[in-house]
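Breakdown of the fold
The residues making up each chain are set out below.
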Amino acid sequence: MKYDHQSIEIKWQRTWEESGAFHCDHHSDKPKYYVLEMFPYPSGNIHMGHVRNYSIGDVVARFKRMQGFNVLHPMGWDAFGLPAENAAIKHGTHPAKWTFSNIDNMRTQLRRLGYSYDWRRELATCTPEYYRWEQQFFLRFFEKGLVYRKQAPQNWCPKCHTVLANEQVIEGLCWRCDSAVEQKNLTQWFLRITDYAEELLADLDKLEAGWPERVVSMQRNWIGKSIGAEIVFPLEGTDGSANNGSITVFTTRQDTVFGATFMSLAPEHPLVEQLIDGKPEAPAVRAFVERIRNMDRIVRQSDDLEKEGVFTGAYCVNPFTGRRMPIWVANFVLAEYGTGAVMAVPAHDQRDFEFARKYDLPMQVVIQPEGDALDTAAMQAAWTEAGLLVNSGEFDGLPNEAAKQKIADSLETSGKGRRTVNYRLRDWNISRQRYWGAPIPVVYCDACGVVAEKDENLPVLLPLEVRTHEDGRSPLPDTPEFAECACPKCGGKARRETDTMDTFVESSWYFARYTSASKDDGAFDPAALKYWMPVDQYIGGVEHAILHLLYSRFFVKALRDCGYMDLDEPFANLLTQGMVLKEGAKMSKSKGNVVDPTEMIARYGADTVRLFCLFAAPPERDFDWSDSGIEGSYRFIGRIWRLAEELSGVLMPVKACSATAADAATPQGKDLRNKEHATVRKAGADISDRFQFNTAIAAVMELVNALYLAKDELSGDEGGRKVLSSSVATVLTLLSPITPHIAEELWASIGNAGRITDEPWPQWSEEALARDEETIVVQINGKLRGRVSVPAGADAKAIEAAALSEPNVARHLEDVTVRKVVVIPGKLVNVVVG
RNA sequence: GCCGGGGUGGCGGAACUGGUAUACGCGCUGGUCUUAGAAGCCAGUGGUUCACACCGUGCGGGUUCAAUCCCCGCCCCCGGCACCA
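Keep in mind it's a predicted model, so treat the numbers as computed, not measured. (Residues numbered from 1 in each chain as written. Chains lettered and ligands numbered in written order. Predicted model: local features only at pLDDT ≥ 70, side-chain atom pairs only at ≥ 80, totals over all residues. Heavy atoms only, no water.)

1. Observations regarding the overall build of chain A
The line we're drawing: Note on conventions: DSSP H or I runs of at least 4 residues are helices, E runs of at least 2 residues are strands, and numbering of each starts at the N terminus. A contact between two residues is defined here by any heavy atoms of the two lying within 4.5 Å. Here, Shrake-Rupley sampling with a 1.4 Å probe gives the accessible areas, and only protein chains in the shown set may cover a residue. All tallies of charge rest on Lys and Arg as positive and Asp and Glu as negative; His and the ends of each chain are not included. Where a charge lies is defined by one atom per residue type: Lys uses NZ, Arg uses CZ, Asp uses CG and Glu uses CD.
Helices and strands together make up the secondary structure of chain A, namely 27 helices and 32 strands. Long-range contacts, defined as pairs at least 24 residues apart, comprise 72% of the intrachain contacts of chain A with a sequence gap of at least 6. For chain A, the accessible surface area stands at approximately 35,700 Å², while carbon and sulfur atoms represent 50% of it. Each charge class in chain A can be summarised by its mean position, and for the 94 positive and 114 negative side chains these summaries are 1 Å apart.

2. Observations concerning the sheet that holds strand 30 (residues 783-791)
Quick reminder of the rule: When DSSP finds at least two bridges between two strands, those strands are taken to pair. Here, axes are lines fitted to C-alpha atoms. For helices the fit covers the stretch in contact, and angles between N-to-C directions go from 0 to 180 degrees.
Taken together, the four strands give an open sheet; going across it, the order is 30-29-32-31, and neighbouring strands pair in mixed fashion. Here the strands that pair on one side only, and so sit at the sheet edges, are strand 30 and strand 31 (818-824). Across the sheet, the mean angle separating the axes of adjacent strands is 20° when strand polarity is ignored.

3. Points about the nonpolar core
Where we set the bar: In these notes, a set of buried Ala, Val, Leu, Ile, Met, Phe, Trp, Tyr and Cys residues joined through side-chain atoms within 4.5 Å is what counts as a nonpolar core. A simple rule labels every residue: compare its accessible area, found with a 1.4 Å probe on the protein chains alone, to the largest value its type can have, and call it buried under 20%, exposed over 50%, or partly exposed in between.
Counting 116 residues, the largest nonpolar core has Trp428 and Trp625 as the members making the most contacts within it. Counting residues per element, this core draws most heavily on helix 17 (residues 547-561), which supplies nine residues. Excluding residues within four positions of it along the chain, tryptophan 625 makes contact with Met48, Val580, Leu581, Lys582, Met587, Val595, Met600, Phe612, Cys613 and Ile630. Of all hydrophobic cores here, the second largest spans 64 residues; its members include Trp16, Leu575, Leu647 and Ile738.

4. Things to note about the sheet that holds strand 17 (residues 428-429)
Strand order in the open sheet made by the four strands is 4-3-7-17, with antiparallel pairing throughout. Looking at strand neighbours, the two that pair on one side only are strand 4 (162-164) and strand 17, the edges of this open sheet. Both strand 7 (residues 182-191) and strand 17 contribute to a ladder of two bridges, which runs antiparallel. Across the sheet, the residue bridging to phenylalanine 190 is asparagine 429, located in strand 17.

5. Here we look at the side chain of threonine 679
Secondary-structure assignment places threonine 679 in helix 21 (residues 667-690). For threonine 679, a relative accessible area of 3% translates into the label buried. Those residues in contact with threonine 679, other than ones at most four positions away along the chain, are Ala699, Val700, Leu703 and Leu734.

6. Things to note about the environment of aspartate 712
Structurally, the position occupied by aspartate 712 is in helix 22 (residues 693-714). Its relative accessible area of 58% is what places aspartate 712 among the exposed residues. Along the chain, aspartate 712 and tyrosine 514 lie 198 residues apart, while their C-alpha atoms are 51 Å from each other.

7. A closer look at the packing of helix 5 (residues 128-144) against helix 17
Packed helix pairs are specified by the crossing angle of their axes together with the interaxial distance, meaning the distance between the axes. As a reminder, the rule being used: Note that the term roughly parallel is reserved for angles under 35 degrees, roughly antiparallel for angles over 145, roughly perpendicular for angles of 65 to 115, and oblique for everything else.
Running from N to C, helix 5 and helix 17 cross one another at 70°; their axes reach a closest spacing of 10 Å. Between helix 5 and helix 17, the angle falls in the class roughly perpendicular. Across the interface between the two elements, Phe137, Phe141 and Lys144 of helix 5 pack against Phe555, Ala558, Leu559 and Asp561 of helix 17.

8. A closer look at the environment of alanine 335
You can see alanine 335 is positioned in the loop between strand 12 (324-330) and strand 13 (341-344). Each C-alpha atom, one on alanine 335 and one on proline 267, is 7.4 Å from the other, the two residues being 68 residues apart in sequence. The residues contacting alanine 335, other than those within four sequence positions of it, are Ala266, Glu268 and Gly340.

9. Structural notes on the protein's contact with RNA strand B
Note the following rule: Nearness here has a simple test: a residue counts as near a molecule or strand if at least one of its heavy atoms is within 4 Å of that partner. Polar contacts here mean pairs of N or O atoms no more than 3.5 Å apart (in protein, one a potential hydrogen donor and the other a potential acceptor; neighbouring residues in sequence count only if both atoms are side-chain atoms). Asp, Glu, Lys and Arg are counted as charged, while Ala, Val, Leu, Ile, Met, Phe, Trp, Tyr, Cys and Pro are counted as nonpolar; the rest, among them Gly, fall into the polar class.
Within the structure, RNA strand B sits among 57 residues, and Leu305, Lys307, Arg351, Arg424 and Arg787 are positioned closest to it. Backbone atoms, meaning sugar and phosphate, form 70% of the atoms of RNA strand B found within 4 Å of the protein. Contact between RNA strand B and arginine 811: a phosphate oxygen at 3.0 Å from a side-chain N or O atom of the residue. Ranked by the residues each element gives to the surface near RNA strand B, the list is headed by helix 22, at eight residues. Of the residues in the surface near RNA strand B, the class split is 21 nonpolar, 15 polar and 21 charged.

10. Description of the packing of aromatic side chains
This is how it is decided: Only Phe, Tyr and Trp rings are paired, with Trp represented by its six-membered ring, and only when their centres lie within 6.5 Å; those with planes under 30 degrees apart are stacked, over 60 edge-to-face, the remainder tilted. Our definition puts a charge over a ring when NZ of Lys or CZ of Arg is within 6 Å of the ring centre and also within 35 degrees of the ring normal.
A full pass over the atoms with the stated rule returns 50 aromatic pairs. Judged by centre distance (4.7 Å) and plane angle (85°), the rings of tyrosine 531 and tryptophan 532 are edge-to-face. In this structure, arginine 62 is placed above the aromatic ring of tryptophan 16, and the distance from its NZ or CZ to the ring centre is 4.6 Å.

Here is the structure:
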């Protein structure tokens, strides 16, 4: 019979569906295992990246089920977001309609791949049943001060017509559309992720065991912790007295404070205007500040921008040396980092060094490398390495690391400053000036000000009847039925917040909602949440290393502190899969190198597509789609099909690894059974320990090759047939998580009663792996010269004797002196000659 | 500059704890089957060489009986962070 993948696959998909084969709940005696793949944005069609991601997840889910775990494996839709609005504008449809029709289409495509989801838990984040809980979280955050309003310059994407969080700006460009991001001053809602900076950083240590190192390191970089001190520099008054306010700086190098010879302020520093007031320098400073502020953000932040500054005419005083320090405004000082002011230590900081050379500012060496003497006149660059303190009063002679502590102590006892920690991480701006998102449950009342909605008024429904704007502007402010409302506090006339939430908010908690997706009187069922969380294995693209994965970690901690869950981290283990490329490049419509999964499934079937995605490369690595490669996978499936067909009169309905030593009486039978058990061992280890599906599949291919070579010899007698049947059963069982449809079909055609999906993972046995003879490699001076076969477990002496008498070895040993013989039983002999 | 990952046949990739380098697949070559082809099945396939043998895991050293693997010094590629004080 011909291998008709289409009808076979649809048949089994229907069978699994109708019997609820992959339904699960939290009332179970089995150990739980929660495997999750990052849910897709419903763009309309699945692409190969999804297929790879979800195929990896499905193997893990099915494998763990076979190993006896109670597996939660859900799927849903990250359904709010810009493309829906853009498509709606373009095609004159409604974002909701567009989204739900895409979801229907993609759900069909995923079902056609045979993934073992519990579809009862499916969720779409754009439904009120989902986002109402998000609005509830917002209210709890509001009560706790975890969400607040702030006016500040924000990242504005002119094309998307909305602001972006810092994490969503990649090298100055919008993460979504690559437009250059502009700065815009707006009042926005922020989540206090910085309150959790330390915990987010510290808990990365716990994740090191289960997360890829590079993701952990990317998050560490992003959080960007710097340990240092704040130091207060008093301003010098017009009369020279130090009583006219002060400038606070942040530094990690308080050990160099005696070398601070001038002060650098960011152009945006709030003190600038006060310092120059009435001074002759004022016009020049104002012109400089204006020029810098108007610079393009990307140009301004580029590393080869020349250091420039202007003197303010004002001075402050070094609190340790009493030195009078001119205050400059400098283009390289960032207003948004630290305090926006830098104590300049030109002798020990490269930027300050260049700045001082350019403007002829004084330098003072305060750290001397051991056995050397720095001379400011001769220095070509700042000395930024370790050394001993000089010109630093009571701290002279201390190694600079020790001096950091001593000076920090001194700051604190003298009140000149304090130890402090600075983070690069900024609070998360969650306001978006777009329509297709979750409404922020807040109103603005003339009488009461900013008022949070009441719990009982949730959900604040996103109105579906709106008139969209051609330019992408949100229609919500122009929708009176939505924007005009009653104040929850005084009942008076009020205006609703018309910004919606960043869609990364929805994806920050969906994994927890799956544990009780249909619950309608609360966000989570506590028992289900406690049972299933955390996610044991999370799988997705590395492009979310910071964005989604950092937000989700923060959200879990915030929800924990609001009493929703008792959990510190959402994802115990993370697998970041590589991209699917074509001709070395990312697939894209503009390049015309897109491989359509639907087409591939139509031609080869879901099993072949799944198999190839897993076989082509280990999951972490990028892989290049190859047309001849998928042909190879299709050929392998055909090879199994033909094997079963050819042996149809021979094979018996038996379980994997069921042939006994007595069945395998002949040398061929013994070898095959041995190979069978070795394959089970290797495939199991490759999948469970390392997610190396490619080598697991390679091992099964070897077993199939061995079956082809042994089948004619073995089909002659009862024992041989039993060995063949057992090995075929093993092939099908091991492949069932990878190519489940053909595995089910052949399993049934051999006459087995149940489904292979419900089979346990086979057990290999030591006895079957044991060999009578083993091959020992013989080397002379580390070079391979021959092999000998010895009885299994032979002792070193016997192995050595056999090795030395091997003809080729013996030939090489003529006329040389044997100095030493290294024998590794079971492996090799190395004869050292000289 | 700092942090992380990587460099193995014509190609994708194996090699577990230092012990047969190149498993498995692709491609290629030959055989078989066929009137012929396709498909299938079988065999071969790192380089030099008739062979013996020699060379071979980015480069140069080192440790070891033995190094793709460990150590030292470099080169190149990919990703992240970066005038961050």
